Amino acid sequence: MKAYTGFASVYDMFMEDVPYEKWRDFLAGVLKKEGIDSGIICELGCGTGRMTRLLSELGYDMIGIDASQEMLSIAKAEESEGILYLAQDMREFELYGTVRAVISICDSMNYLLEESQLLAVFRLVNNYLDPGGIFVFDLNTEYKFRTQLGQQTFSEHREEGSLIWDNYYDEEEKVNEYALTLFIREEQGLYRKYEETHYERCYSLDEITRLLECAGMEFVCACDGTDYGQVREDSERMYIMAREHGKNGIYESVKENP
């Protein structure tokens, strides 16, 4: 079932507690530490463009990529002068040239359920980064899936709509299934029901490091997604930073073996 269709219209409402400004400050700090205080930045899995706009306000020339037309339509409806939005699957995205950095937040990389898909994205990122450019992305951890989400049901109710969120974590496959049921208010006070199923896979830091190196990138560091300290056994989210490390014909090999 296609994800982020009905959910797109109420995504920002149900995600209002996400600390986008805090994440923006962390990302901006990483970029500036790398000497990237201007230029083109690409965000993979940009969704409704919240982070894309926040970084644009800091003076970066932003490109936002997402596979959901519904999410992008909301992003484009916001005040977004100078932002280029592209409706593309991150597993085969294409840019017009290289960029100084690529970012991806809100566990977009967890949506890639096969190592081969993650490797394809890493190779493309390496191809489209400037020499020495950086890639910063986050991931939900197995600890979060196993202890915070798996086998749990959450619900939220607002005047504009209601959300029921059932989770099932398969420890053998390391995949979490999110079954979303939404009731979204329309005209005359009627509510339309939407159902979506999302899947996310967890990856260990060792797996990520290996795949980055296979893609030709240099693994730089990882940190906890809350306090930005060392990744711990109880970290629920982690940030990964990698660096472009030469092209070596990688783009052609991806096209031949997606």
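Before reading further, recall that the structure is shown in the block above.
The rules we used
Residues numbered from 1 in each chain as written. Predicted model: local features only at pLDDT ≥ 70, side-chain atom pairs only at ≥ 80, totals over all residues. Heavy atoms only, no water. Buried < 20%, exposed > 50% of the residue type's maximum accessible area, 1.4 Å probe, protein only. Helix = DSSP H or I, 4+ residues; strand = E, 2+ residues; numbered from the N terminus. Arc of directions from axis to C-beta. Axes fitted to C-alpha atoms, helices over the stretch in contact; angles between N-to-C directions. Parallel < 35°, antiparallel > 145°, perpendicular 65-115°, else oblique. Left-handed = near helix turned anticlockwise from the far one by under 90°. Contact = heavy atoms within 4.5 Å. Nonpolar A, V, L, I, M, F, W, Y, C, P; charged D, E, K, R; others polar. Salt bridge = Lys/Arg side-chain N within 4 Å of Asp/Glu carboxyl O. Pairing = 2+ DSSP bridges. Expected span 1.5 Å × (residues − 1). Patch = residues over 30% accessible without salt bridge, like charges linked within 9 Å, V, L, I, M, F, W, Y side chains within 5 Å. Areas by Shrake-Rupley, 256 points an atom, 1.4 Å probe, with all protein chains shown as cover. Right-handed = clockwise from strand over helix to strand, strands pointing away.

A.B. asks: Is there a simple way to explain helix α4 (residues 69-77) in this structure?
C.D. replies: For the α-helix, the turn length of 3.6 residues means that residues three or four positions removed from each other point alike. Along α4, the residues that are buried comprise Met-71, Leu-72 and Ala-75. Taken end-on, α4 shows its buried residues confined to a sector of 95°, consistent with a single buried face.

A.B. asks: I'm lost on the packing of helix α5 (residues 115-128) against helix α7 (residues 205-214) in this one. Help?
C.D. replies: Pairs of packed helices are described in terms of their axes, by the angle between the two and the distance that separates them. Where α5 contacts α7, the two axes come as close as 9 Å, and the packing angle between them is 50°. By the criterion of interaxial angle, the relationship of α5 to α7 is oblique. With respect to the hand of their crossing, α5 and α7 are arranged in right-handed fashion. Contacts from Glu-115, Leu-118, Leu-119, Phe-122 and Arg-123 of α5 reach α7 at Glu-207, Ile-208, Arg-210, Leu-211, Leu-212 and Cys-214. Grouping the amino acids of the contact of α5 with α7 by side-chain chemistry returns seven nonpolar, no polar and four charged.

A.B. asks: Please explain the pattern of salt bridges as it appears in this structure.
C.D. replies: Note that side chains of opposite charge can pair when their charged atoms are close. Under the criterion given, the structure shown has 12 salt bridges. When the shortest N-O distance is used, the salt bridge between Arg-210 and Glu-115 registers 2.8 Å. With Arg-210 in helix α7 and Glu-115 in helix α5, this pair connects stretches of sequence that are 95 residues apart. Its relative accessible area of 23% is what places Glu-115 among the partly exposed residues. Note that Glu-142 is salt-bridged to Lys-174, the shortest N-O span being 3.2 Å. Here Glu-142 is found in helix α6 (residues 142-149), whereas its partner Lys-174 is found in the loop between β7 (161-170) and β8 (175-185), with 32 residues between them in sequence. You can call Glu-142 partly exposed: its relative accessible area is 27%. The partly exposed category is assigned to Lys-174, whose relative accessible area is 28%.

A.B. asks: Would you mind going over the sheet that holds strand β3 (residues 84-87) with me for this structure?
C.D. replies: Hydrogen bonds between backbone atoms are what pair the strands of a sheet, whose relative direction is either parallel or antiparallel. As summarised here, the arrangement of the seven strands in space is β3-β2-β1-β4-β5-β11-β10, forming an open sheet in which the pairing is mixed. Edge strands, defined here as strands with exactly one partner in the open sheet, are β3 and β10 (218-224). Taking the axes of each pair of neighbouring strands and ignoring which way they run, one obtains an average angle of 15° across the sheet. Taken together, the six bridges between β10 and strand β11 (residues 237-243) define a ladder with antiparallel strand orientation. Following the sheet pairing, Glu-218 is matched in β11 by Arg-243. Across the face of the sheet, helix α2 (residues 20-33) comes into contact with β1 (40-44), β4 (99-104), β5 (129-140), β10 and β11 while running at roughly 25° to β11. Contacting β5, β10 and β11, α7 crosses the sheet at an angle of about 20° to β11.

A.B. asks: Any chance you could explain unusual backbone geometry here in plain terms?
C.D. replies: The phi dihedral of Cys-106 is positive, around 55°, even though this residue is not glycine. Checked against the element boundaries, Cys-106 lands in the loop between β4 and α5. Judged by its relative accessible area of 16%, Cys-106 falls in the buried class. Phi at Gln-151 takes a positive value of approximately 60°, unusual for a residue other than glycine. Here Gln-151 is to be found in the loop between α6 and β6 (153-157).

A.B. asks: I'm lost on α5 in this one. Help?
C.D. replies: Helix length check: α5, at 14 residues, gives a terminal C-alpha distance of 20 Å against a target of 20 Å (1.5 Å per residue), a fit within 8%. By the burial criterion, the buried members of α5 are Leu-118, Leu-119, Ala-120, Val-121, Phe-122, Leu-124, Val-125, Asn-126, Asn-127 and Tyr-128.

A.B. asks: Explanation requested: a nonpolar patch on the surface in the structure shown.
C.D. replies: Nonpolar side chains collect at one region of the surface, where Ile-164, Phe-183 and Tyr-191 lie side by side and expose about 240 Å² of accessible area between them. Mapped onto the fold, Phe-183 is located in strand β8.

A.B. asks: What exactly am I supposed to notice about the sheet that holds strand β9 (residues 191-201) here?
C.D. replies: Here we have four strands laid out as an open sheet, ordered β6-β7-β8-β9, and antiparallel in their pairing. The sheet is open, and its two borders are formed by β6 and β9, each paired with just one other strand. In this sheet, neighbouring strand axes are inclined to one another by 15° on average, regardless of whether the strands run parallel or antiparallel.

A.B. asks: Honestly, the pairing of β1 in this entry has me stumped. Any pointers?
C.D. replies: The side chains of a regular strand alternate between both faces of the sheet. Counted residue by residue, β1 has four buried out of five residues, so it is predominantly covered. Sheet analysis places β1 next to strand β2 (residues 61-66), joined by five bridges and oriented parallel. The partner of Ile-41 across the bridge, within β2, is Met-62. What joins β1 to β2 is helix α3 (residues 50-56), and the crossover it makes is right-handed. In terms of strand pairing, β1 meets β4 through three bridges, oriented parallel. Within the sheet, the bridge partner assigned to Cys-42 lies in β4 and is Val-102.

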